[in-house]
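Coordinate inspection notes
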Amino acid sequence: MKFTLSWLKEHLETDATLDQIVEALTDLGLEVEEVSDPARSLGAFRIARVIEAVPHPDADRLRVCRVETRPNGPDGAIEEVQVVCGAPNARTGLIGVFAPVGTHVPGTGVDLKPGVIRGQASNGMLCSERELELSDDHDGIIELPETAPVGERYIDWAGLNDPMIYVKITPNRPDALGVRGVARDLAARGVGSLKPLVVEPVAGRFDSPVTVAIDPALKDRGCPLFAGRVIRGVKNGPSPAWLQRRLRAIGLRPISALVDVTNFFTYAYNRPLHVFDVAKLAGDRLRIHPARGGEEILALDGKTYVLQPGMMAISDAKGVESIAGIMGGEHSGCTEETTDVFLESAYWNPITIATTGRALKINSDARYRFERGVDPAFTLDGLELATRMILELCGGEPGTVVSDGAVPDTTRSYRFDAARVVSLVGMDIPEAEQRATLEALGFRLDGDRATPPSWRPDVMGDADLVEEVARVASLSRLEGKPLPRPTVGVPEPVLTPMQKRERMARRTLAALGYHECVTYSFIDAASARRFGGGEDALKLENPISSEMTHMRPDLLPGLLQAAARNQARGFLDMALFELGPVFAGGEPGEQAIHATGLLVGANGPRDPYGARRAVDLYDAKADAEAVLAALGAPARLQVDRAVPGWFHPGRAGRLTLGPKLGLATFGEVHPRILKAYGIKGTAVAFTIIPAAIPMPRNAAATRPALVLNDLQAVERDFAFVVDARIEALAVVNAAQGADKALIESVRVFDEFSGDKAEAQMGAGKKSLAITVRLQPQTRTLTEEDIETVSAKIVEKVAKATGGTLRG
């Protein structure tokens, strides 16, 4: 919404400065995007007289001018400067516009400096309209009448000293799309007083030769009211200078007096209008009707549009003449030859206008306003005011008003409670001030009931009344106050234990170098079936696309799709994770939170030491164990092979606390899955179920005491010959169980397998070497104690795996 300061002051009686008005507008919620002040760009240009203009001695097309100027105003001292000018109309005695040295010329972007042109000094410039960005005319310098006072600022003399204000209007404030609506807000704030708007009906002097009729199907939902009148004998030419300046200031191109009047009312009163050339209309009636579909119209923007069924149109006896509420047709548009016009003012349904505008991809000032909502009660008033303005500018004789339909009833009232301002906003505003504010905004108060004005469709409840009072009073008056504590002392934790686990899982995975992904909970049917889902219970009734038809049974499909997109863009190595819900069914309780990580490609960048390698299942296992440790899982976990089908058989495992309590799954992703998603290279993944981790028995926030042992620990190495099929974990668990109190840790440090191993130890055999750390608690271990524990370890391993101590 753009307007000029003088335009605003036609509706607002105020002595406020431009800066005060701009500050008040933003504080009222009408955010000022731009202020274009001509005084800042054109303030240095002054009226000057050419005392003498003689031909340049060394250039045929240049003239050397002696220019009289008064830098300090018409009553200031006279200064004479020399200017070299190439304009064909530069002559002795000419009154023009002069820019002194140091002036920035907006039309050229040049800062004037003293210069020498073909041996003649030049100090300043005599300007054309294009150099002042007033028009595209640059055939000569500006010529002013003899009465123009030398030394006066050109913008003051020409009436150009009128700042333009650009306000960004939110969709819920259609009333502010007119200058009068903006003035009303400022008046309510106290920046000035709103000038009264007097609407005097114009008496018709003849019966209208054009009638109007609204199709019954549109009266309730499309066009409740359509009105207009014929004005005959008009003279359509250029609009007056003041109107042209006003339209140019807001970025509109003056066209003709009739068209400029409609544009003026669009911005002044948020009342779009349209004028038809009566001579170009066929028949004596305009019909407002839904389109059948297929009708074509050449619009005023020079484009041809094909209407779809149901779109509202205004037609004469031959066909469509206007896209209702959006744009008129070229055929019935006004020209300089127009003498009789039909001036139209109507109220259109906002949703219907928005639907048609989007379908046809037309952006017009009329559509912009009608789809947000104009004042229905001003439909006829706007017609009367526009009629009077056309008669003043173009002459003519008005006919009677013809209309069909009625002004829609927007009357509604809400309870006004002055105390709610304190409870909802926290501002203490006297009731009398609240009532005065609402009345200044156009609300009608009757006891404790408030009726919004017809131009405020956004007010839909008593809370909106509070918002209006607080907005006008200024939300900047709010004081920050701490919320009172319901109880004394340290407040209870806000996060639940599961929320804390989710936060810790995110932090741990990020610390491990993973990048978090947030993907949709909806996936395509094929992906859902690959990961154990796809049943009807998880199918969406109204999916947003064909690729989002099912609730996801696992997080891995979204991560694999993200990895494929990244690989397609040249990122081959990546570490991604997501923490979010997965769905096992459509009933409550069939939803769980998982944390899934995906490693693709190599474990790091290339280096000269050969450390780079492809990721493997042990990378996934190590990261899964790190996350489980951070979430408080027990240190000793079992591993089994009960993994889902999207993992590689034999290269995946499950971390459990028993056969029925799985905590995490890890391993290589099945090649079939990688092929389906187009993943290049190796990919390993893990999935953690935070809710499956047992809660700690001690829920205290304090950490246990640090235990430091002053007795020397002892490490012993053992090498066992076992069958090649025996897992290392079986050996580790067996050794660990030999003496749980004394054995602190067991870890594998070597594996000897293959043809050489079988040649030494027999077919189907391998060697596993472990290190056992013994930590005494009460006394230093003797050699006899160590030998006793060693014998138990050998016995336990032999019993569990059938292994023997390697000689």
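Residues numbered from 1 in each chain as written. Predicted model: local features only at pLDDT ≥ 70, side-chain atom pairs only at ≥ 80, totals over all residues. Heavy atoms only, no water.

As a further point, take the pairing of strand E18 (residues 285-290). In this structure, strand E15 (residues 211-214) lies alongside E18, joined through four bridges in parallel fashion. Counterpart to Thr211 in the pairing with E18 is Arg285. The pairing of E18 with strand E21 (residues 312-315) spans four bridges and is classified as antiparallel. Across the sheet, the residue bridging to Ile288 is Ile314, located in E21. (Pairing = 2+ DSSP bridges. Helix = DSSP H or I, 4+ residues; strand = E, 2+ residues; numbered from the N terminus.)

One broad rule of soluble globular proteins: the nonpolar side chains tend to lie buried together. Formed by 73 residues in total, the largest nonpolar core has its most connected members in Phe3, Leu8, Ile21, Leu25, Leu186 and Phe265. Of all the elements, helix H8 (residues 257-269) adds the most residues to this core, at eight residues. Non-local contacts of Leu25, meaning those with residues more than four positions away in its chain, are made with Phe3, Leu30, Glu31, Val32, Ile165, Val167, Val182 and Leu186. (Core = buried A, V, L, I, M, F, W, Y, C linked by side-chain atoms within 4.5 Å. Buried < 20%, exposed > 50% of the residue type's maximum accessible area, 1.4 Å probe, protein only. Contact = heavy atoms within 4.5 Å.)

To continue, consider the side chain of Glu68. If you trace the backbone, Glu68 turns up in strand E5 (residues 63-69). Given the relative accessible area of 11%, Glu68 is considered buried. Setting aside chain neighbours within four positions, we find Glu68 in contact with Ala48, Arg49, Ile51, Ile78, Glu79 and Val150.

A few words on the pattern of salt bridges. For side chains bearing opposite charge, pairing can occur when the charged atoms are close. Under the criterion given, the structure shown has 41 salt bridges. Residue Arg229 pairs with Glu384 through a salt bridge whose shortest N-O separation is 3.0 Å. With Arg229 in strand E16 (residues 225-232) and Glu384 in helix H11 (residues 379-394), the pair connects residues that are 155 residues apart, well separated along the chain. No difference in accessibility class separates Arg229 from Glu384, as the two residues are buried. Where salt bridges share partners, they join Arg173, Asp175, Asp185, Arg456, Asp458, Glu468 and Arg471 into one cluster. (Salt bridge = Lys/Arg side-chain N within 4 Å of Asp/Glu carboxyl O.)

Overall, the coordinates contain twelve aromatic pairs when judged by the stated rule. Centroid distance Phe265 to Tyr269: 5.3 Å. Interplanar angle 35°. Geometry classified as tilted. Pair noted here: Phe265 and Tyr269 are both in helix H8, with a separation of four residues, about one helical turn. Assessed through its relative accessible area of 2%, Phe265 is described here as buried. (Phe/Tyr/Trp six-rings, centres within 6.5 Å; stacked < 30°, edge-to-face > 60°.)

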